[in-house]
Amino acid sequence: MKKVLRAKMLLLVVTSVLLLLSACGSSGGQTATSDGGSAGDKEKLVIGFSQVGAESEWRTANTKSMQDAIKEAGHELKFSDAQQKQENQIKAIRSFIAQKVDAIVFSPVVETGFETVLKEAKDAGIPVFLADRAVDIEDDSLWVTFLGSDFVEEGRKAANWLVEETKDAEGDVNIVELQGTVGSAPAIDRKEGFEEVIADHPNLKIIKSQTGDFTRAKGKEVMEAFLKSDGENIDVLYAHNDDMAIGAIQAIEEYGLKPGEDIKIIGVDAVKGAFEAMAAGKMNVTVECNPLFGPQMVDLIEAHLAGEEIEKRVAVEESMYTMDQAEELLPTREY
Ligand code: GZL
């Protein structure tokens, strides 16, 4: 009996020692996987992302889309919020270069002033991917691709809605315009597209135009000034983004007029706030500018670094939404 007990004890000790050794082996250098290789089969990249700022609902959603996509792909993100200042973006890109990241994603706050730092990235052999906004630089070898919306088309869509909305109007239709950040691609292009369409309709007149820098606060402030100088004479507001439109709506109500009725409100982005304003009858239309392109951007980076050919310009698919659709669509909106 004692011999059997001793044999069982010995077996238990040997088994325990073997188990302990195998555990130590797997928690050492390599994480063991079913195929015995390193975890996953995708190389882990370090991606530097220089974001414009956090000036609008659109921007916040865009940042989240990029951060989530990079994390889900198993890559490391080095993120910089430039607070809408060009000098902060230039500093961030130089920092990414010094850290030898594998790729730089960059949404330029304005179209000019980045050529030198982009040349530094190219000289360092680090590919740059333009996200959301373009730069006005001849040498397009300084970036791999530009993934973003067609802002000129967004301006055209806004104006075409107004042409249809005012086709039976008698006399002039007076428009005030809240422009986006001065010098930014969306501000320049949304103005261009809108003016291209209304040029064929001389009764549609822009009587005041000023930047609201894409923020609610500035949009409200500038709209207050418009109302002070031209209040009863304003028929339409064209805002280059919904955040400025929402700020302007507050100004219009405080002035004593009904936004969406006395003054038609046109925005761009199609953020949740715009759907809420439209559902409340205070805004008439928003042109979609889709910020949720994080996964598409990660695919482009991985494809380029894997040696695949990438189109120089990749457009994001978009639509337009009106007041009568708002209530039904609001619960479905992701940003
Ligand atoms: C457009 C983006 C613009 C948004 C604004 O792609 O660059 O910047 O329309 C944001 O809301 O501030």
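As the structure is a prediction and not an experimental result, all values here were calculated from the model. (Residues numbered from 1 in each chain as written. Predicted model: local features only at pLDDT ≥ 70, side-chain atom pairs only at ≥ 80, totals over all residues. Heavy atoms only, no water.)

Some words on the sheet that holds strand 9 (residues 264-269)
The strand order 7-6-8-9-10-12 describes an open sheet built from six strands, whose pairing is mixed. In the strand order of this sheet, the two ends are held by strand 7 (204-211) and strand 12 (320-322), each with one partner. Across this sheet, the average inter-strand angle for adjacent strands is 20°, counted without regard to direction. In terms of strand pairing, strand 8 (residues 236-239) meets strand 9 through three bridges, oriented parallel. The partner of L237 across the bridge, within strand 9, is I265. (Pairing = 2+ DSSP bridges. Helix = DSSP H or I, 4+ residues; strand = E, 2+ residues; numbered from the N terminus. Axes fitted to C-alpha atoms, helices over the stretch in contact; angles between N-to-C directions.)

Some words on the site of the ligand
Close contacts around the ligand come from 13 residues, with E55, D132, R133, R190 and D269 the closest. D132 places a polar side-chain atom, nitrogen or oxygen, 2.3 Å from an oxygen atom of the ligand. Here the ligand, which alone exposes 320 Å², has 100% of that area covered by the protein. Judged by the proximity of its atoms to the pocket grid, the ligand belongs to the largest cavity. At the level of elements, helix 2 (57-72) and helix 6 (185-198) are the ones that each hand at least two residues to the shell around the ligand. Residues that form the shell around the ligand fall into these classes: five nonpolar, two polar and six charged. Both domains that meet at the shell around the ligand, namely domain 1 (46-148 + 291-317) and domain 2 (151-289), each give it at least three residues. (Near = heavy atom within 4 Å. Polar contact = N/O pair within 3.5 Å; in protein donor to acceptor, adjacent residues only side chain to side chain. Areas by Shrake-Rupley, 256 points an atom, 1.4 Å probe, with all protein chains shown as cover. 1 Å grid on protein atoms, 1.4 Å probe; cavity = no way out; pocket = protein on both sides within 12 Å on 5 of 7 lines; lining within 4 Å. Sits in = over half its atoms within 2 Å of the grid points. Nonpolar A, V, L, I, M, F, W, Y, C, P; charged D, E, K, R; others polar. Domains from an automatic or database assignment.)

Things to note about empty space enclosed by the protein
This structure, assessed with the given rule, holds one cavity of 30 Å³ or more. One number sums up the size of the largest cavity: a volume of about 90 Å³. In terms of residue class, the lining of the largest cavity is built from five nonpolar, two polar and six charged. Three or more residues apiece are contributed to the lining of the largest cavity by two domains, here domain 1 (46-148 + 291-317) and domain 2 (151-289). (Points joined across faces, edges and corners; volume = space filled by probe spheres on them.)

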